[in-house]
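Notes for the structure review
The primary structure of each chain is shown beneath.
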Amino acid sequence: MASLSSDEWRAICDKFTNAQNLTEVESRNDPENDPFRSKYKARELLREIYCSLKSFEVSEGEEDGGGESGDPRPSEQPVDGQREDGFGQGFSGDSPAGLRAAKLGAVEYYLGVNHVDTEELSAGQEHLMNCMKLLGRCSVSSENVSLFIHVRNQLGILWAGRDETETAQGFLETAESIYQHYMKEDGSPPTDMTEYFTTEEKLLTHQERTKRFELAYTHTMYYLAQVYKNLGQTERAATYCHSTLQRQLQLNQFNPMEWALNAATLSQYYITKGRYMEGRHCLSAATVISGLAGEVPSEAAAQESETENERREQLRQKRAEIARCWIKYCLNLLQDAKKLLEDNIGELDTDRQDELKRARRGEEEEEEKGRKSALLFGSEDTFDSIASLEEKVRCLFPLDFTEARAVFLVGQNYVTQAKEYFQMDGYVTDHIEILQDHSALFRALAFFEEDLERRCKMHKRRVDMLEPICTDLNAQYYLMIRRQLMFELAETYSEMMDLKLTLANRQADTQSLDSHTIKKFNHLCSASAKYFQMFLDSLCSPEGKVPEHLEEEVLRPALVARFRVARLHSRLISSSPSVQLDNLNRSLENYKYVVQYCETHPEAATTVETELELSKEMVGLLPLKINRLKARMAANN
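Residues numbered from 1 in each chain as written. Predicted model: local features only at pLDDT ≥ 70, side-chain atom pairs only at ≥ 80, totals over all residues. Heavy atoms only, no water.

1. Concerning the pattern of salt bridges
Taken as a whole and judged by the stated rule, the model has 32 salt bridges. Between aspartate 498 and arginine 571 there is a salt bridge, with its nearest N and O atoms 2.9 Å apart. Of this pair, aspartate 498 sits in helix H18 (residues 479–507) while arginine 571 sits in helix H20 (residues 552–571), placing them 73 residues apart in sequence. On the basis of relative accessibility, which here comes to 28%, the residue aspartate 498 falls in the partly exposed class. (Salt bridge = Lys/Arg side-chain N within 4 Å of Asp/Glu carboxyl O. Helix = DSSP H or I, 4+ residues; strand = E, 2+ residues; numbered from the N terminus. Buried < 20%, exposed > 50% of the residue type's maximum accessible area, 1.4 Å probe, protein only.)

Below is the structure:
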């Protein structure tokens, strides 16, 4: 660019600075009726810069490129993911031709981003591809590697926004490859794109160059995490998400609440994979980092200031969401431990328990060391706080009541925190989901409790928290939630009934149950049948007609409810033969429904194999029992 004078160059740098200021600062204050005013002004300045650069003398052998000149697009346009990474190809990055291509490419890049920001995606894509074309003539070097990565990041975002995930993947994976190759072959702090239009006295320090370059690559990893998630590659997505979060902490480039919520969300992936060490680490980090956002403004402060009101709302909501992730951690840890320890009738297998306790002693230290090595979040300021929080909740499966209770209490504490924000008034669905999780925590803890009386009281706590909600909910607006609650209440009463009967049988045989025990047993049995029947009634038409065809999402629950109602009616205890007969007939009616529905809908049989087999058996046996009872009644009369 031989014809460039210092005054002309300074004028270009000033225009670029003004364009950046318009884009990043002034645009925040644009009016609603003209939301892109500042960005349109920035666009004009960028076009002027482009024209100025194009007008300078070109050395022999240099060809112009880029869309502003009207050059046709080459027929063999490189597609990322199917090309070399640009190392050792074309003009050297520090040659006059290479630097000129980089500067022109940078303006095309900024024009592309500008058009995307103003929702002109096709024009934005054209400018970004013009940048790619210009860079395609150059080899990757410290002078242009940042631009190589930035433009691919933007094209990745653009194509991902169009649901062209695999195209986005190609651009982003090439950006990743370029970064890795550059760091291996060179690694020096590269020129930042803003420095193409900066006077010498304002050039960045090596430290600032490194920070900006690493941040660009962090964005690459973040976008790749989204791409892999959308492609269903969840393991890979989690790895990239974890690395992104770690890099954001190292670079000190993060919003505390946003970072914390992302870490808490990542924990849920690890939990579903049974990787509780990683899940706990993510949640502990989320809790500590969310604390960096400061205290929640008081109600008084929120009433005086709109800004403080928004901040109060955001902090309370996101911390409540993190608390909900902790609840899921504790609940899943208890439930997975239960699966590990239960026998074939759902009770605690003490032999298995002893075996796991013996095995654990040799595993604890190795597991802690091996799985933590590559997963630590935090800096010097936060590492100790994160480790301290991790120590308050275990990540190994609880194997007895004491260990299970410790996990339960942590979960229950977070239930309290979550409910403070997600209250019934305003957050009906969220509040009920939290209550359901609280109920599930009690159910999981009850498995570890050997004292049947105390176990029964835990189930009573579940009834006490869910029954009033089920009664008060509007059936029209919250039908699905009411069905869930009905089914859970029915199962809970049934569990309490079985426990009461077991307790009674330990004291005496069934022939000598006292009237109080019988009354209690019948109450629990009837309550369970009532809620199962309420669930079944909710499936009927407004006129009360039973559906001929059950939808897939309610097929198994409906048939199981029928089976359970049949079983419950047959278990009711009564000294009156007529009441016994009525109960047996209602039992037979429901068993027959299960059998007949599966005969007319053969595809349903596979969803209730055990229940169907028992129903068929009872349809054969119950008529005999009914006939014997009728004969006795006739003889007595």
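2. Describing helix H16 (residues 428–448)
Under the 1.5 Å per step criterion, the end-to-end length of H16 is 31 Å for 21 residues, consistent within 8% with the ideal 30 Å. Most of H16 is tucked away, with 17 of its 21 residues classed as buried. (Expected span 1.5 Å × (residues − 1).)

3. Details of the domain arrangement of the protein
Many descriptions give the size of an interface as the accessible area lost when the pieces come together. As assigned here, the protein comprises domain 1 (254–298 + 305–349 + 370–434), domain 2 (451–507 + 522–540) and domain 3 (556–636). Between the C-alpha centres of domain 1 and domain 3 the distance comes to 45 Å. (Domains from an automatic or database assignment.)

4. Quick notes on unusual backbone geometry
For glutamate 119, which is not glycine, the phi dihedral falls at a positive 65°. Relative to the elements of secondary structure, glutamate 119 occurs in the loop between helix H3 (96–117) and helix H4 (121–135). Note on glutamate 119: relative accessible area 64%, which makes it exposed.

5. Points about the side chain of serine 284
Its place among the elements puts serine 284 in helix H10 (residues 276–291). For serine 284, a relative accessible area of 0% gives the class buried. In this view, serine 284 contacts Trp326, Ile386, Leu389 and Glu390; residues no more than four positions away in its chain are not counted. (Contact = heavy atoms within 4.5 Å.)

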